[in-house]
Amino acid sequence: MERLLARYTNSYLSYVLMYFFYNISFALFSALISVYLLEKGYAASDVSLLISIASLSAMITQPIIGSLTDRFGMRPVNLAMFAISIGAAALFVAAPAFAIIIVAYSLLNLLLNGANPVIERMATSSPYSYGSVRMWGTIGFAVGTQATGIIYDNISPEAPYLLFIPAMLLCILGFWGTQPRLAEAEKATIEADDDTEPASLKDLLTNRLFLYYIVLQILFTATTGATYSFCAPYLTSRGLDATFASTVLSLCGVAELAVILLSSKFMDKVPNKVLLFVAFGAIALQMATYALNLALPIVIAVTMVCKNAPIVLNIMTNMKVVNTIVDPRQQITGLALVKAMQSFGTIISNNIGGRIVDASGYPAMFLFLLALIGTAILLVVFFPVPSGNDKKLFS
């Protein structure tokens with residue numbers, strides 16, 4: 001038994017289980033949340049309220065979770081969050097009122113998002129190549145999205161949320177077996193020498209380049225966050241059933257997977273600014289397609305190419321940019337602050353977006369989102385970020 005545990009510890013299988021089932025869990029709980037609530041009789045503005053409160057909860061607790069992780073360690077904090085998320089899932093399914101649904105979903109959202117910065121960094125800190133580890137997250141989310149639609153249509157609307165529980169248990173099993181280099185790297189930066197003044201949050205908040213970058217990420221995530229909430233109902237409003245819509249959304253993972261597998265070929269060679277232009281430009285194309293309400297085959301094709309791939313490109317670019325412009329002692333704090341501000345962007349856009357949908361329909365909302373991402377693209381033009389190609393995070 002000891003030999004088996006020794007072979008499993010920090011094995012490739014442990015990373016596969018963690019990434020695959022973490023993302024399946026995320027998909028099961030979030031892929032059709034808008035459709036689920038709308039079919040239960042809630043308005044689009046109610047869905048926006050739910051997403052906004054959940055995002056606000058994640059934004060407020062993100063720095064707290066980061067601080068707890070620094071103090072008590074990555075393993076106990078994240079394992080505790082995963083365990084609590086199982087209880088939140090059960091509460092969500094049993095919720096007798098919308099207020100309880102909000103509480104349960106917000107708790108689940110803040111726990112899963114709180115673990116996300118560490119989960120993402122582990123792909124660059126494992127003994128295996130970034131692409132070979134991170135690709136299982138993409139595959140897991142695609143499988144989870146597809147399974148959600150099939151289960152939703154053929155079993156019951158509540159079934160995907162119940163399946164979250166065994167999926168999260170398998171994620172915990174995978175996480176328990178990992179031992180990334182990240183733990184040692186964090187300890188080395190946190191435990192500064194006695195004669196070295198530790199970096200403070202104030203230093204980070206006075207970094208003008210970092211603050212400028214946060215504005216870019218707020219605009220990007222405001223756009224993609226609202227799109228994530230309303231993409232499925234938009235597709236169903238165009239005539240697709242939940243299963244077909246889930247199939248389209250799951251196929252978005254093909255383009256995402258290609259970006260991840262090829263990341264070692266271009267991420268350390270293409271400058272940060274160019275990477276931002278590509279990610280932001282692809283999202284702008286998606287928003288324009290939806291806003292113009294183009295023919296359904298065009299909408300489906302653009303969705304599969306431009307929905308997920310730019311987001312994962314932005315995730316990788318975010319790690320590279322923060323590594324480029326933030327003090328090495330503040331890397332985790334920087335990533336946590338970006339994540340918190342991304343939640344802020346999602347709050348604002350979902351709240352406004354839901355009201356626009358109720359008043360004027362989906363094309364008008366996507367036109368609003370196109371204006372947001374267009375503003376971000378203009379700001380990237382004046383963003384004086386170094387190329388970051390010397391960091392070699394993905395090679």
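Residues numbered from 1 in each chain as written. Predicted model: local features only at pLDDT ≥ 70, side-chain atom pairs only at ≥ 80, totals over all residues. Heavy atoms only, no water.

Visitor: Sorry, what's going on with the overall build of the protein chain here?
Guide: For the protein chain, the helix and strand inventory stands at 18 helices and 0 strands. The C-alpha atoms of the protein chain give a radius of gyration of 20 Å, which matches the 21 Å a tight globule of 395 residues would have. With the principal axes as the frame, the protein chain shows a C-alpha extent of 60 × 55 × 35 Å. Out of the 395 residues in the protein chain, the part that is buried amounts to 55%. (Helix = DSSP H or I, 4+ residues; strand = E, 2+ residues; numbered from the N terminus. Rg over C-alpha atoms; globule rule 2.2 N^0.38 Å. Buried < 20%, exposed > 50% of the residue type's maximum accessible area, 1.4 Å probe, protein only.)

Visitor: Before we go on, may I ask you to explain the packing of aromatic side chains in this structure?
Guide: Taken as a whole and assessed by the stated rule, the structure comprises 27 aromatic pairs. With a centroid separation of 5.4 Å and an interplanar angle of 70°, the aromatic rings of Tyr-12 and Tyr-128 are classed as edge-to-face. Of this pair, Tyr-12 sits in helix α2 (residues 12-30) while Tyr-128 sits in the loop between α6 (98-125) and α7 (130-154), placing them 116 residues apart in sequence. Seen in terms of ring centroids, Tyr-213 and Phe-383 are 6.0 Å apart; in terms of plane orientation they differ by 15°. Their pairing is stacked. Here Tyr-213, found in helix α11 (residues 208-237), pairs with Phe-383, found in the segment after α18 (362-381); they are 170 residues apart in sequence, far enough to count as distant. (Phe/Tyr/Trp six-rings, centres within 6.5 Å; stacked < 30°, edge-to-face > 60°.)

Visitor: I'm lost on empty space enclosed by the protein in this one. Help?
Guide: In this approach, a probe sized like a water molecule rolls over the atoms, and the result shows the empty space that is left. Counted by the stated rule, this structure contains 5 cavities of 30 Å³ or more. Estimated volume of the largest cavity: approximately 1100 Å³. Lining the largest cavity we find 41 residues, and of these Phe-26, Asn-113, Ile-311, Ile-315 and Lys-339 sit closest to its centre. In terms of residue class, the lining of the largest cavity is built from 17 nonpolar, 18 polar and 6 charged. (1 Å grid on protein atoms, 1.4 Å probe; cavity = no way out; pocket = protein on both sides within 12 Å on 5 of 7 lines; lining within 4 Å. Points joined across faces, edges and corners; volume = space filled by probe spheres on them. Nonpolar A, V, L, I, M, F, W, Y, C, P; charged D, E, K, R; others polar.)

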